[in-house]
Amino acid sequence: MLTASAWATPPTRTELIESLVSGVDRYNPSNVGILEDYLYHQIRSEEYDCLANLAILKLYQFNPDLYNPDVVINILIKALTALPFPDFNLCISLLDERPPNANPDEPDPLPTLLPILSSLHNLLQSCRFPAFWTLYRSDKAESLRDNYTVECVGFEDAVRNVVVHAVKAAFQRIGGERLGSYLNLSGDDLTAYVAKLGWSVNDATGVVTVPPNPDNQIESTVVQENIQLPQLVKVIAHAQVATVQV
Amino acid sequence: MTQQRKALWESDLDEDLHDVDLNLAIGSYGQNGLYDDAQPRIDEATLIAVQQQVAQQAALAQVPDPVKRFIVHFHQAVLDNNLPEITVAYESGWNRLTEKFYAKTEWPEAEIIAPLVNDDQIFLILYRELYYRHVYSRLQPDIDDRFHSYENSCELFNYLLNSDGPVPLELPEQWLWDIIDEFIYQFQNFCVWRSKVKSKTEEELILLADASQIWSSYSVLNVLYSLIQKSKINEYIIAQQEGKSQEEIADIVGEYGPKPLYRMLGYFSIIGLLRVHSLLGDFTLALKVMENVELNQKSPFTRVTACHVTTYYYVGFCYIMLRRYPDAIRTFVSILNFILRMRQYHTRSYQYDQINKTADRMYALFAICNALSPSRVDDNISSTVKERYGEQFAKMSRGEEGIPAFEELFLYACPKFMSANPPPYEDPDLLQAYIDDPPVEPAQRHLALFLADVRAQAPVPTLRSFLKLYTSLDAKKLSNFLDADEEEMVQQLMVMKQASRSISRVEHEKGFLRGQMISTSDLDFVIDENMVNIAESTVGRRYAGWFIRNTEHAQRVYDTLHNSPLPIPPKPATQAKTDTQAPAAPPKTGQKVAWGSVKTAA
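Quick notes on the rules
Residues numbered from 1 in each chain as written. Chains lettered and ligands numbered in written order. Predicted model: local features only at pLDDT ≥ 70, side-chain atom pairs only at ≥ 80, totals over all residues. Heavy atoms only, no water. Helix = DSSP H or I, 4+ residues; strand = E, 2+ residues; numbered from the N terminus. Buried < 20%, exposed > 50% of the residue type's maximum accessible area, 1.4 Å probe, protein only. pLDDT = per-residue confidence, 0-100. Contact = heavy atoms within 4.5 Å. Salt bridge = Lys/Arg side-chain N within 4 Å of Asp/Glu carboxyl O. Buried area = accessible area lost by both parts, 1.4 Å probe. Polar contact = N/O pair within 3.5 Å; in protein donor to acceptor, adjacent residues only side chain to side chain. Pairing = 2+ DSSP bridges. Axes fitted to C-alpha atoms, helices over the stretch in contact; angles between N-to-C directions. Patch = residues over 30% accessible without salt bridge, like charges linked within 9 Å, V, L, I, M, F, W, Y side chains within 5 Å. Areas by Shrake-Rupley, 256 points an atom, 1.4 Å probe, with all protein chains shown as cover.

How should unusual backbone geometry be read in this particular structure?
Excluding glycine, a negative phi dihedral is what most residues carry, and trans is how most peptide bonds are arranged. Here the amide bond leading from L83(A) into P84(A) is cis, since omega sits at 10°, within 30 degrees of zero. With respect to the secondary-structure elements, P84(A) resides in the loop between α5 (69–80) and α6 (87–93). Despite not being glycine, D119(B) shows a phi value in the positive range, around 55°. The phi dihedral of W215(B) falls on the positive side, at around 50°, and the residue is not glycine. Note on W215(B): relative accessible area 0%, which makes it buried.

Dropping the structure here:
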């Protein structure tokens with residue numbers, strides 16, 4: 001994502017959702033169903049609309065009765081892979097402290113999953129990609145994987161996109177093994193993934209070449225000052241007035 | 001009718017009414033307004049009317065004469081829609097009399113002064129607006145003040161929004177801003193007060209259990225959105241930006257929009273939303289509601305300085321929470337320079353202190369941003385930051401060990417965050433659970449999130465200081481220098497790369513959420529397999545800025561000299577004479593003599 005407009009207004013957003021996100025109707029609790037359906041649509045079709053999801057959390061904030069932990073967890077999973085942008089924290093900001101769970105028959109999964117999601121977010125944010133995968137594949141994250149991310153189509157590839165974003169900016173060439181540990185891929189899977197990205201591999205060394213892009217081309221420059229006429233207007237105008245006075 | 005009921009109740013009391021809370025009295029009496037038959041009621045009513053007059057006169061008698069005269073005069077100015085007179089009464093009269101008579105006590109209750117203003121309900125609502133604002137700012141509001149100030153705000157907005165068409169009232173812009181500003185302040189103040197369960201008395205607990213609608217988030221948002229919609233302020237701003245003619249704009253903004261009162265309230269409500277959403281932690285929505293507003297210092301909406309400063313503070317803060325540090329820096333630099341320039345005009349304004357405090361918090365936020373996204377910045381601002389927060393800034397620029405400094409400045413400079421919902425006052429069991437295990441305070445929650453991001457980029461300053469020394473360097477060697485694991489160090493380099501990129505608003509782009517990816521650092525690098533190549537951008541010496549500043553300065557000096565009055569001739573002339581007559585004058589005055597004599601010659 002190079003521009004913020006696609007983030008603020010994704011092209012996949014429908015008119016109905018747009019009217020909820022931008023209008024006063026976003027505060028109407030009876031619209032929460034529409035927005036929740038839209039979230040599950042995003043989960044199924046690899047779309048993402050941060051502002052619409054924030055609108056759900058806003059409704060939960062004002063109407064604690066509406067609170068649905070599954071929806072919150074899915075929103076956080078989507079926001080996780082929006083890194084390096086701060087969506088995850090923006091969502092967390094809206095989660096006011098919940099009152100103690102009133103219904104012991106239906107335990108709220110969020111309190112146990114939130115620390116894991118936060119740790120995953122932290123690892124991904126710190127570009128500690130191998131550690132991310134280790135935690136994600138661990139027993140600790142089992143319930144997250146089995147109950148949630150498995151439903152989120154393309155979740156692992158979305159994480160890999162975060163990795164690719166970081167690698168593309170920092171590397172011109174990167175060792176195949178290192179890249180594999182970031183992407184949690186090896187062998188043919190890695191080869192296929194790199195080929196899909198359009199990156200080339202040196203067969204002898206396994207070193208992957210990242211195509212040039214604005215972030216991995218560096219150049220030393222000397223910025224020279226550049227004075228524009230408007231900056232001098234005050235001086236010139238004043239000089240003229242002074243001349244007239246004399 | 002209400003007059004009679006009030007009177008009936010008062011007949012049981014002795015006449016010394018001036019220290020009784022009439023508001024409360026009316027409230028509790030209103031619930032048992034049953035009458036047996038009409039005849040005794042009328043008789044009693046007549047009697048009571050007299051008694052009430054006496055009681056009120058007694059209370060009124062306590063009010064100092066200058067205050068009475070002021071209220072009568074103030075009321076007349078409001079009746080006449082005489083803006084200059086209202087402004088004088090509002091900005092100086094009220095504050096002067098507060099200092100003199102009410103520095104430590106409430107102003108007289110609205111009911112007591114009602115006879116002075118012919119019981120003009122609209123004026124009494126405005127009066128109470130000032131009355132409660134004084135209570136909040138000078139005294140400690142109790143629960144009744146909090147409830148009644150809310151009710152009074154509702155009455156005021158109800159009058160403005162639900163009268164038959166636009167109301168014929170005119171108020172100074174400053175007051176209109178203060179109405180919205182105070183409304184949100186009292187809301188925020190109430191929410192914070194409400195969240196502290198432990199310190200509540202039994203009576204307060206009972207009242208709060210029953211008062212979930214008072215100062216609710218929905219009711220506050222409802223007021224702000226209604227004012228925005230009624231005034232069609234967004235449509236007005238867009239039409240102006242599109243360069244529509246006055247007639248076209250008049251068509252667009254409808255019945256309310258052309259009235260300055262509604263237009264300004266509409267605009268101030270947008271800023272109010274920016275603030276409320278920020279206080280509730282919704283930084284995206286806060287900026288989204290601003291999407292039609294253009295921040296520049298030429299707009300007529302900037303005439304109210306307090307509003308202007310508030311706007312930039314919250315926009316800048318939201319940008320920090322969106323991790324868009326360059327945008328935050330630009331926002332702060334722009335307004336802090338504005339404040340520096342305005343300073344000379346504002347020293348006597350009663351808002352000067354408030355503006356200065358906000359400015360100081362923005363310097364702190366600026367220091368935070370600049371530590372996280374180092375860039376070459378405005379000289380004026382960065383020298384003030386060094387002066388005020390130099391120590392913290394030095395710590396923050398050193399990564400992990402600077403975390404306490406980030407924490408200190410963030411807590412000092414952040415908005416007064418609040419929870420959207422009250423503690424469960426209506427359920428004693430849940431309330432006890434709430435007391436036993438109180439939730440984390442909102443400011444601490446936002447601080448924790450912010451610090452998590454700061455920690456993620458904590459290794460950057462150290463890496464940066466090493467990379468600055470080289471043009472290329474092997475990753476292994478670098479990790480040896482840092483005494484770090486090579487793989488971890490390479491991952492930190494990726495963090496550093498990401499920290500040097502940010503979304504930033506490109507000039508003239510509409511909407512505060514828009515922006516493009518830009519590079520924010522003068523130090524860039526790229527990793528070629530395992531070799532780190534480094535490139536640094538430098539800025540050549542800047543001469544022109546220095547010359548322009550000093551030329552302008554020289555001009556000011558010249559102008560001052562040019563415009564100052566010539567010395568009055570007779571005086572030096574006399575002096576010259578006396579001096580020449582007394583040749584034994586001390587040599588010190590020799591210069592004066594010479595100068596004086598030149599003047600006499602001319």
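Read on for the rest.
In this structure, what is going on with the confidence of the model for chain B? I would like to understand it.
Parts of the model with low pLDDT should not have their predicted coordinates read in detail. All names here are of chain B. Per-residue confidence for chain B gives a mean pLDDT of 79; residues scoring 70 or more make up 85%. Segment residues 1–38 is flagged for pLDDT under 50; beyond a separation of four residues in sequence, or across chains, it makes 45 contacts in the model. In this model residues 576–602 is a low-confidence stretch, pLDDT under 50, and it forms nine contacts with partners more than four residues away in sequence or in other chains.

In this structure, what is going on with the pattern of salt bridges? I would like to understand it.
Here the idea is simple: oppositely charged side chains can pair when their charged atoms come close. On inspection of all chains with the given rule, the structure shows 29 salt bridges over all chains. In this structure, D215(A) engages R501(B) in a salt bridge whose closest nitrogen and oxygen atoms are separated by 2.5 Å. Taken together, the positions of D215(A) in the loop between β3 (208–209) and β4 (222–223) and R501(B) in strand β2 (residues 501–504) put the pair across two chains. Overall, the relative accessible area of 12% leaves R501(B) in the buried class. One salt bridge in this structure joins R398(B) and E401(B), with 3.3 Å as the shortest N-O distance. Residues joined by salt bridges that share partners form a network here, namely R137(A), E156(A), D157(A) and R160(A).

I tried to follow the interface of chain B and chain A on my own but got confused; where do I start?
By a widespread convention, an interface's size corresponds to the accessible area lost as its parts come together. Chain B puts 70 residues into the contact, and the matching count from chain A is 71 residues. Of the roughly 6100 Å² buried between chain B and chain A, counting both surfaces, carbon and sulfur atoms make up 57%. For the pair chain B and chain A, the number of links is five salt bridges. In this structure, the connection of chain B to chain A is made through 21 residue pairs in polar contact (both at pLDDT 80 or more). Note that strand β1 (residues 171–174) of chain A and strand β4 (residues 523–528) of chain B share two bridges and pair parallel. Of the residues in β4(B), the one forming a bridge with F171(A) is I527(B).

Would you take a moment to explain the sheet that holds strand β1 (residues 472–474) of chain B for this structure?
Sheet strands associate in pairs through backbone hydrogen bonding, adopting either a parallel or an antiparallel arrangement. Here six strands make up an open sheet; going across it, the order is β2(A)-β3(A)-β1(A)-β4(B)-β5(B)-β1(B) and the pairing mixed. Unpaired on one side and paired on the other, β2 (200–201) of chain A together with β1 of chain B mark the two borders of the sheet. Note that β2(A) and β3(A) share two bridges and pair antiparallel. Looking at the pairing, S200(A) lines up with T209(A) of β3(A). Across the sheet, helix α10 (residues 155–170) of chain A touches β1 of chain A together with β4 of chain B, and the angle it forms with β1(A) is around 105°.

What is the right way to look at a nonpolar patch on the surface in this model?
Together, L229(A), V233(A) and I236(A) give the surface a local cluster of nonpolar side chains, amounting to about 290 Å² of exposed area. Structurally, I236(A) can be placed in helix α13 (residues 229–245).

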